[in-house]
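The lines below spell out each chain.
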Amino acid sequence: PGHATTVKLLFNANVELSLSRVFLVSKGDVFHPAEIAHGRKPGELLIKLPPLEPGDYAIKYKVFAADGHLTENNIRFHVAP
């Protein structure tokens, strides 16, 4: 808690950043746009998260691959005190 972090997601195809969206979802289903960037490897996506208070969160993403397919999912996680 209280420290910014970066989450790394790996996909089997390159990601089109301009067509992809990632949100941090906090209590009450409040959506906060997340900053995303390419990682060092093909298909690697870096998601920058701000410092978080203890509680339940999710990362909701809709990612478009360079080959045209769409991948979307939610990753739920908990920040412990």
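Before reading further, recall that the structure is shown in the block above.
Keep in mind that this is a model prediction, so the values were computed, not measured.

S.K.: Go over the layout of surface pockets with me, naming the residues and quoting the values.
M.R.: Taken as a whole, the largest pocket encloses approximately 150 Å³ of empty space. The wall of the largest pocket is formed by Val25, Ser26, Lys27, Gly28, Asp29, Phe31, Asp56, Tyr57, Ala58, Lys60, Asn74 and Arg76. When contributions to the lining of the largest pocket are tallied by element, the ones reaching two or more residues are strand E2 (21-26), strand E6 (55-64) and strand E7 (70-79). Residue contributions to the lining of the largest pocket peak at four residues, all from E6. Here the lining of the largest pocket is built from residues that sort into four nonpolar, three polar and five charged.

S.K.: Run through the pairing of E6, naming residues and quoting values.
M.R.: Relative to E6, E2 runs antiparallel, the two sharing five bridges. Bridge pairing in E6 links Val25 to Ala58. Alignment of E6 against E7, held across 10 bridges, turns out to be antiparallel. Across the sheet, the residue bridging to Val63 is Thr71, located in E7. What sits between E6 and E7 in their antiparallel hairpin is a turn of five residues, with Gly68 showing a positive phi close to 100°.

S.K.: Give a description of the nonpolar core that names residues and reports values.
M.R.: Membership of the largest hydrophobic core comes to 16 residues, with the highest contact counts inside it found for Phe11, Val22, Leu45, Ile47, Tyr61 and Val63. When contributions to this core are tallied by element, the ones reaching two or more residues are E2, strand E5 (44-49) and E6. If you tally residues by element for this core, the top one is E6, at four residues. Contacts of Val22, omitting those with residues within four sequence positions, involve His32, Pro33, Ala34, Ile36, Leu45, Ile47, Ile59, Lys60 and Tyr61.

Thresholds, definitions, all that
- Residue indices begin from 1 for each chain and proceed along its sequence in written order.
- Restriction of local features to residues with pLDDT of at least 70 applies here, the model being predicted, together with a cutoff of 80 or more for giving and counting side-chain atom pairs; totals for whole chains, interfaces and linings are based on all residues.
- By convention in this description, side-chain values take in all heavy atoms of the structure and omit both hydrogens and water.
- As defined here, a cavity is a set of points on a 1 Å grid over the protein atoms alone where a 1.4 Å probe fits but cannot get out. A pocket is an open set with protein on both sides within 12 Å along at least five of seven lines, and residues line them when an atom is within 4 Å of a point.
- Grid points are joined across faces, edges and corners, and a volume is the space filled by probe spheres set on the points.
- Numbering goes from the N terminus for both helices and strands, where a helix is a DSSP run of H or I of at least four residues and a strand is a run of E of at least two.
- As a working rule, the residues Ala, Val, Leu, Ile, Met, Phe, Trp, Tyr, Cys and Pro are called nonpolar, Asp, Glu, Lys and Arg charged, and the rest polar, with Gly in that last group.
- In this scheme, strands are said to pair when DSSP sees at least two bridges between them.
- Only buried Ala, Val, Leu, Ile, Met, Phe, Trp, Tyr and Cys residues count toward a nonpolar core, and they belong to the same one when joined by side-chain atoms within 4.5 Å.
- Each residue is placed in one exposure class: buried if its accessible area under a 1.4 Å probe, protein chains only, is under 20% of its type's maximum, exposed if it is over 50%, and partly exposed if it falls in between.
- Note on definitions: a residue-residue contact is assigned when non-hydrogen atoms from the two residues lie within 4.5 Å.

Such coordinate-based values are descriptive only and should not be taken to indicate function.
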